[in-house]
Amino acid sequence: MIGMGDEKKIKRYEPWGFLLVLGILSMSLSFIYAIFKIHIHSRMGGVSVAPMDLLRMLRTLFLTLSFVSLGGARQYILKQEFPKVKPLLTLSFFLLLLFILIPLAYRITPDISQFIILLHLLYSLLALVALGGLIAQIFRKTNYVDTYIFSVNPPNVLKLKLLWYYFLFICLSWWIILILLSSYAA
């Protein structure tokens, strides 16, 4: 018999974090498949990959700044400096929105890199929806006490943490895509 206090502490893992990891792994597999297709087609000589241009560099800047501003908002929530959170979250949202909208300026070319970029846009759109939901929740909190209660509520802290990890995945995958595509364009 196990007496009181003799039980081993069992750590409960967060199911949403596990689901995020599974989602990121499946998204990574889709990127690996697309990159493998580009590699196979390049060996056959049938690949046309657009070189790095100003719009892709601008998109990279917007995505990276969006990630940095979301990280700053996360840090300010943890430090309980709430007046700085809303502007940073808004900035992060609009920079990610620009990142998603800029490809509309691209002319559609029959290169294989468009597939992988469109796939990344889909995943970025998911991040935009999640960030929009978080912003809507935070902007409903108008006074300090409501914002403080929001910031110490574990599900809210978890949402922000998971969104930050998802943004990290989006940024890293974009940088990897750019590096690989620029190596095939050369």
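Now for a quick tour of the structure. (Residues numbered from 1 in each chain as written. Predicted model: local features only at pLDDT ≥ 70, side-chain atom pairs only at ≥ 80, totals over all residues. Heavy atoms only, no water.)

**Structural notes on the overall build of the chain**
Regarding its fold elements, the chain presents six helices and zero strands. Helices (α) and strands (β) of the chain occur, in sequence order from the N terminus, as α-α-α-α-α-α. Within the chain, the fraction of its 186 residues that count as buried is 38%. Relative to all contacts within the chain whose residues are 6 or more apart in sequence, the contacts with residues 24 or more apart total 84%. Working note: accessible area of the chain is about 11,500 Å², and carbon and sulfur atoms make up 72% of it. (Helix = DSSP H or I, 4+ residues; strand = E, 2+ residues; numbered from the N terminus. Buried < 20%, exposed > 50% of the residue type's maximum accessible area, 1.4 Å probe, protein only. Contact = heavy atoms within 4.5 Å. Areas by Shrake-Rupley, 256 points an atom, 1.4 Å probe, with all protein chains shown as cover.)

**Describing the nonpolar core**
If you look at the biggest cluster of nonpolar residues, it comprises 47 residues, and the most contacted ones within it are Ile-116 and Tyr-166. Only α1 (15-44), α2 (54-79), α3 (85-101), α4 (113-140) and α6 (154-185) provide two or more residues apiece to this core. Counting residues per element, this core draws most heavily on α6, at 14 residues. Excluding residues that lie within four positions of it along the chain, Tyr-166 makes contacts with Leu-20, Ile-24, Met-27, Tyr-123, Leu-126 and Ala-127. (Core = buried A, V, L, I, M, F, W, Y, C linked by side-chain atoms within 4.5 Å.)

**A closer look at the packing of α2 against α3**
Running from amino to carboxyl end, α2 crosses α3 at an angle of 160°, the nearest separation of the two axes being 8 Å. Between α2 and α3, the interaxial angle falls into the category roughly antiparallel. The two elements α2 and α3 meet at a crossing, and its hand is left-handed. Seen from α2, the contacting residues are Arg-59, Phe-62, Leu-63, Leu-65, Ser-66, Ser-69, Leu-70, Gly-72, Ala-73, Tyr-76 and Ile-77; seen from α3, they are Val-85, Leu-88, Leu-89, Leu-91, Ser-92, Leu-95, Leu-96, Leu-98 and Phe-99. Partitioning the contact of α2 with α3 into residue classes produces 15 nonpolar, four polar and one charged. (Axes fitted to C-alpha atoms, helices over the stretch in contact; angles between N-to-C directions. Parallel < 35°, antiparallel > 145°, perpendicular 65-115°, else oblique. Left-handed = near helix turned anticlockwise from the far one by under 90°. Nonpolar A, V, L, I, M, F, W, Y, C, P; charged D, E, K, R; others polar.)

**Here's the deal with the side chain of Arg-74**
Position of Arg-74 among the secondary structure elements: in helix α2. Dropping the residues within four chain positions of it, Arg-74 is found in contact with Leu-160, Lys-161 and Trp-164.

**Regarding a nonpolar patch on the surface**
On the surface, Trp-16, Phe-18, Leu-19, Val-21, Leu-22 and Leu-25 cluster together into a nonpolar patch covering about 640 Å² of accessible area. Within the fold, Trp-16 resides in helix α1. (Patch = residues over 30% accessible without salt bridge, like charges linked within 9 Å, V, L, I, M, F, W, Y side chains within 5 Å. Salt bridge = Lys/Arg side-chain N within 4 Å of Asp/Glu carboxyl O.)

**Considerations on helix α5 (residues 144-152)**
For α5, the full list of buried residues reads Thr-147, Phe-150 and Ser-151. Along α5, the residues classed as buried sweep out an arc of 95° about the axis, all on the same side. (Arc of directions from axis to C-beta.)

**Points about the packing of aromatic side chains**
Inspection of the entire model under this criterion finds five aromatic pairs. A ring pair is formed by Phe-93 and Phe-94, whose centres lie 5.5 Å apart and whose planes are at 80°; its orientation type is edge-to-face. Grouped by ring-pair contacts, the aromatic residues Phe-67, Trp-164 and Tyr-165 constitute a single cluster. One cation-aromatic arrangement involves Arg-59 over Phe-99; the distance from NZ or CZ to the ring centre is 4.1 Å. (Phe/Tyr/Trp six-rings, centres within 6.5 Å; stacked < 30°, edge-to-face > 60°. Lys NZ or Arg CZ within 6 Å of the ring centre and 35° of its normal.)

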